[in-house]
Amino acid sequence: MNLGMTIDTMLTYFSETKLAGSYFLLFLVSIVLLYSLNKEINVWFILYGIALLVVVVMNPIVVWALMQVFPALGSYAPLTMLIPAFLYVPFAATELLDFSKEKKIYKPLIVILIVLISVCGSLFGVFKDFTVREGNVIDAEETEIVGKLNEWEPELVLADEGIIQAISTRGNAIPLLYGRDLWTDGLDTGIMDGYNEEAYTFFDALKNSEENKDFIATTAYEYCCDVIIMDVFEDAPQRLGEYKLAHSTENYLVYRLVK
């Protein structure tokens, strides 16, 4: 992963985080509060939080270097866990409540803090549709297909990248020809060997399933795949080489090896 890709990964992560609020925002507010309420005592605590954020977590050069040393950080999300939000937020809230006793706004402030923290955390699930990233949601269509796979118990599945996460998460140990680590940098944490050239050829071919359907079916048979899941297209044939159309949804075609 080069520096440009690292910056894109960071920007994408922060643009896709909770739309209804974020504990990251509370972390920033906490630093401001700690400075405003008692900067003399909190100065080192404040500087530590700012230094960690600016020098490490939001510094693309440092992030890129860490990704080279620890490949699992290719997704960037694990590195953001270094932000000590769950340490700073309650500490700042405690100091604020202590300060509010003198101003006689203690009780109203407790209510405000509870509401604010709840909203930033999706308000106990009320804002779930706005706080969960689309890529992490397994919809009814994917659940339906995974249910079929669990029923069939295939020996090897060739699947479009869009449904691989659902199969890995909900499937009963369903073997895949390749997983997300094929195209997500460092997802194998540096332990597994790389895929061969044919796996990447499959990955590219499935991006245009209609044009490459015959190649996909022929080559998948050579690799002993008994199920193929590809993007839907018009006038999809009932047979593709040794495979028969066994199931279809709005977005996917599921071909199963004829035995």
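Okay, so let's go over this structure. Each chain has its residues counted from 1, following the order in which its sequence is written. Side-chain atom pairs in this predicted model are given and counted only at pLDDT of 80 or more, local residue features only at pLDDT of at least 70, and totals for whole chains, interfaces and linings cover all residues. Each side-chain value is worked out from all heavy atoms of the structure, with water and hydrogens disregarded.

Now for the side chain of T249. With respect to the helices, strands and loops of the structure, T249 is situated in the loop between β4 (243–248) and β5 (252–257). The contact definition used throughout considers only heavy atoms, calling two residues in contact when any of these lie within 4.5 Å. Ignoring any residue separated from it by four or fewer positions in sequence, one finds T249 in contact with E141, E144, I145 and V232. Think of it this way: any DSSP run of H or I at least four residues long counts as a helix, any run of E at least two long counts as a strand, and we number them from the N terminus.

Definition used in this section: a nonpolar core is a set of buried Ala, Val, Leu, Ile, Met, Phe, Trp, Tyr and Cys residues joined via side-chain atoms within 4.5 Å. The cut-offs for exposure are 20% and 50% of the maximum accessible area for each residue type, with area from a 1.4 Å probe on protein chains only; residues under the lower value are buried, those over the upper are exposed, and the others partly exposed. Within the largest apolar cluster, 38 residues are counted, with the highest numbers of intra-cluster contacts made by L149, L158, I167, Y178, I229 and M230. Looking at this core, the elements with two or more residues in it are α8 (140–152), β1 (157–159), α9 (161–170), α10 (197–205), α11 (209–222), β2 (227–231), β4 and β5. Residue contributions to this core peak at five residues, all from β5. Excluding residues within four positions of it along the chain, I167 makes contact with V146, L149, A159, I174, L176 and I229. Formed by 17 residues, the second largest nonpolar core is a distinct cluster that contains F24, L52, L53 and V63.

Turning to empty space enclosed by the protein, a few remarks are in order. Note on definitions: the grid is 1 Å and covers protein atoms alone; a cavity is a set of points where a 1.4 Å probe fits but cannot get out; a pocket is an open set with protein on both sides within 12 Å along at least five of seven lines; lining residues have an atom within 4 Å of a point. Grid points are joined across faces, edges and corners, and a volume is the space filled by probe spheres set on the points. In the structure shown here, the tally under the stated rule is one cavity of 30 Å³ or more. Volume-wise, the largest cavity comes out at about 30 Å³. For the largest cavity, the full set of lining residues is D160, E161, Y178, F203, L206 and K207. For the lining of the largest cavity, the class distribution of residues is three nonpolar, no polar and three charged. The classification used treats Ala, Val, Leu, Ile, Met, Phe, Trp, Tyr, Cys and Pro as nonpolar, Asp, Glu, Lys and Arg as charged, and all other residues, Gly among them, as polar.

Before going further, it helps to examine the packing of aromatic side chains. Aromatic pairs are defined between Phe, Tyr and Trp rings, using the six-membered ring for Trp, whenever the two ring centres lie within 6.5 Å; interplanar angles under 30 degrees are classed as stacked, those over 60 as edge-to-face, and all others as tilted. Counting across every chain of the model gives six aromatic pairs. Seen from their ring centres, F27 and Y88 are 5.2 Å apart, and the 75° between their planes marks the pair as edge-to-face. Residue F27 is found in helix α2 (residues 23–57), and its partner Y88 is found in helix α5 (residues 85–103); the two are separated by 61 residues along the sequence. For Y88, a relative accessible area of 0% gives the class buried. Where F202 meets Y223, the ring centres are 5.8 Å apart and the plane angle is 80°; that geometry is what we call edge-to-face. Separated by 21 residues along the polypeptide, F202 in helix α10 and Y223 in the loop between α11 and β2 bring together distant segments of the chain. You can call F202 buried: its relative accessible area is 1%. Classification of Y223 as partly exposed rests on a relative accessible area of 28%. Connected via pairs of aromatic rings, a cluster forms that spans F27, F45, Y88 and F91.

In any sheet, the strands associate via hydrogen bonds between backbone groups, in a parallel or an antiparallel arrangement. Sheet architecture is open: five strands sit in the order β1-β2-β5-β4-β3, paired in mixed fashion. Here the strands that pair on one side only, and so sit at the sheet edges, are β1 and β3 (239–240). Where β2 meets β5, five bridges bridge the pair, whose relative direction is antiparallel. Across the sheet, residue V227 finds its bridge partner in β5, namely R256. Here an axis means a line fitted to C-alpha atoms, over the contact stretch when the element is a helix, while the angle between two N-to-C directions is reported on a 0 to 180 degree scale. Strands β1, β2 and β5 of the sheet are contacted by α9, whose axis makes an angle of about 130° with β1. Contacts from α11 reach β1, β2, β3, β4 and β5, with the element oriented near 165° to β2. Should DSSP find at least two bridges between two strands, the strands are regarded as paired.

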